[in-house]
Amino acid sequence: MNFSEKIIGWYLKNKRELPWRETKDPYAIWLSEIILQQTRVTQGLDYFHRFLEAFPTIFHLAEATEDEVLKLWQGLGYYSRARNMHAAAREIVTTYGGVFPDNYSAIRSLKGVGDYTAAAIASFAFGLPYPVMDGNVIRVISRYFGIAEPCDKAEGKAQIQKALYSVFDTKHPSEFNQAIMEFGALQCIPANPTCKNCILKDSCVAIEKGMVKELPVKSSKPAVKSRFFNYLVIHDGDDTIIKQRGPGDIWQGLYEFPLIETSVAISPGELMKHPDWKYLKGKHSWKIIKIHSGIRHKLSHRILHVTFYEIAGKINRLPLGAMKIKKENLMDFAVPVLIEKYLKTNKSLLCFY
Ligand code: SF4
């Protein structure tokens, strides 16, 4: 048996039943692939169903507002995925009359669709012979062929791609891609795979050379940067203030409380001397009624050190682009997970004063 026969045979016995594997509908497959880009299958499943229920077709997604799409995406992170998918749905409606394109280059040109996602949609929905190369596939191929070049550098990527093409099954592209991805997710896992039970153990270079732990090789990770966020949670009677985040930074399009970002952690006294604080406060008397500090929120390359200042007072002057809303309506807005968690653990915010 060759590599493909072995791996597809393994897949048919061991695969998980997942809804996007039961369909050839490119819209559902696209949706699942975008959700799964940075999300575990168990978490993604729920979002997949929610999205298909709210937007059963490309037309429904294209007609939705960005706020509706972001609200539904809330909690998944990497919100550019949702914004790109929304823009691509509109493009499919205007350029292709709402029919999902059926060739690789048109699929690849959609906003938010990279090489991996284009290959996945092209092979799963249309049976086109494009191999996928995600993290799971990279691990299997690096180990099976004993490729020790860093997989996140051009040379390493090229070697892995060449090796992948050498075993790719052009007659069964969909099954091959599904099989090798599932094999990486369930069998050739990152830490301590059970190689002694593996169907590839007799020809796997990593096990022969004792390199399973070391492969795939990654070059050093970028340094994690710290950012310091001071949120002003304002209680103006039944009202509070929120602001939509702009482009060019994390969480574009999501809503948050007025934010004062500083380059280091600061004390409440220092915050009150900050120019943005003075501008916000104006002539009115405010009182800090609660401080929630020491909150750390991890993002991929950043750690946010966050303090929420709950402040009671009258607001007449709003920060640029901010809006006054009823506190009870806060949950209608798409907010970052950090703020969603804060609201959930401080429910009193929605109904006091
Ligand atoms: S033998 Fe081990 S390292 Fe090699 S493919 Fe199988 S699980 Fe992966």
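Right above here is the structure, for reference.
Report on the accompanying structure. Bear in mind that the values here come from a model prediction, so they are computed numbers and not experimental data.

**Overview of the sheet that holds strand β3 (residues 255-256)**
What the three strands build is an open sheet, ordered β3-β2-β7; its pairing is antiparallel. Each of the sheet's edge strands pairs with one partner strand only, and the pair in question is β3 and β7 (322-326).

**Section: helix α10 (residues 154-167)**
With 14 residues, α10 extends 20 Å between its outermost C-alpha atoms, agreeing within 8% with the 20 Å of an ideal straight helix rising 1.5 Å per residue. Those residues of α10 that are buried lie in contact with α1 (3-14), α9 (135-145) and α11 (173-186).

**Comments concerning the pattern of salt bridges**
Tallied over the full model, the rule gives twelve salt bridges. A salt bridge links Arg21 to Glu182; the shortest N-O distance between them is 2.7 Å. Residue Arg21 is located in the loop between α1 and α2 (26-36), and its partner Glu182 is located in helix α11; the two are separated by 161 residues in the primary sequence. By relative accessible area, which is 18% here, Arg21 ends up buried.

**Quick notes on the packing of aromatic side chains**
One pass over the structure, following the stated rule, counts 17 aromatic pairs. With a centroid separation of 6.5 Å and 80 degrees between ring planes, the pair formed by Phe257 and Tyr342 is classed as edge-to-face. One end of the pair, Phe257, is in the loop between β3 and β4 (259-262); the other, Tyr342, is in helix α15 (residues 337-345), with 85 residues separating them in the sequence. Take Phe257 and Tyr342: they sit in the same class, and that class is buried. Three or more aromatic residues link up through ring pairs in this structure, and these residues are Phe229, Tyr231, Trp251, Phe257, Phe308 and Tyr342.

**Points about the pairing of β4**
Across the two faces of β4 the burial differs, with Ile260 and Thr262 buried and Leu259 and Glu261 not buried at all. Where strand β1 (residues 225-235) lies against β4, four bridges are found, and the strand directions are antiparallel. Of the residues in β4, the one forming a bridge with Phe229 is Glu261.

**Quick notes on the site of the ligand**
With respect to spatial proximity, the complete set of residues near the ligand consists of Arg143, Gln187, Cys188, Pro193, Cys195, Cys198, Lys201, Cys204 and Val212. If you map the ligand onto the pockets, it falls in the largest cavity. Broken down by class, the residue content of the shell around the ligand amounts to six nonpolar, one polar and two charged.

**Focus on empty space enclosed by the protein**
Tallied over the full model, the rule gives one cavity of 30 Å³ or more. Computed from the structure, the largest cavity encloses a volume of approximately 130 Å³. Looking at the largest cavity, it is lined by 14 residues, and the ones nearest its centre are Arg143, Cys188, Cys195, Cys198 and Cys204. Elements with a minimum of two residues in the lining of the largest cavity: α9 and α12 (205-208).

**So, the sheet that holds β4**
Strand pairing in a sheet takes place through backbone hydrogen bonds and is either antiparallel or parallel in direction. Across the sheet, four strands lie side by side as β4-β1-β6-β5; this open sheet has mixed pairing. Two strands lie at the open edges of the sheet, namely β4 and β5 (286-298), each paired on one side alone. Neighbour-to-neighbour, the strand axes of this sheet turn through a mean angle of 20 degrees, independent of strand direction. Where β1 meets strand β6 (residues 302-313), eleven bridges bridge the pair, whose relative direction is parallel. Residue pairing in the sheet places Phe229 in a bridge with Val306 of β6. α15 contacts β1, β5 and β6 of the sheet and is inclined by roughly 45 degrees relative to β6.

Thresholds, definitions, all that
- Residues numbered from 1 in each chain as written.
- Predicted model: local features only at pLDDT ≥ 70, side-chain atom pairs only at ≥ 80, totals over all residues.
- Heavy atoms only, no water.
- Pairing = 2+ DSSP bridges.
- Helix = DSSP H or I, 4+ residues; strand = E, 2+ residues; numbered from the N terminus.
- Expected span 1.5 Å × (residues − 1).
- Contact = heavy atoms within 4.5 Å.
- Salt bridge = Lys/Arg side-chain N within 4 Å of Asp/Glu carboxyl O.
- Buried < 20%, exposed > 50% of the residue type's maximum accessible area, 1.4 Å probe, protein only.
- Phe/Tyr/Trp six-rings, centres within 6.5 Å; stacked < 30°, edge-to-face > 60°.
- Near = heavy atom within 4 Å.
- 1 Å grid on protein atoms, 1.4 Å probe; cavity = no way out; pocket = protein on both sides within 12 Å on 5 of 7 lines; lining within 4 Å.
- Sits in = over half its atoms within 2 Å of the grid points.
- Nonpolar A, V, L, I, M, F, W, Y, C, P; charged D, E, K, R; others polar.
- Points joined across faces, edges and corners; volume = space filled by probe spheres on them.
- Axes fitted to C-alpha atoms, helices over the stretch in contact; angles between N-to-C directions.

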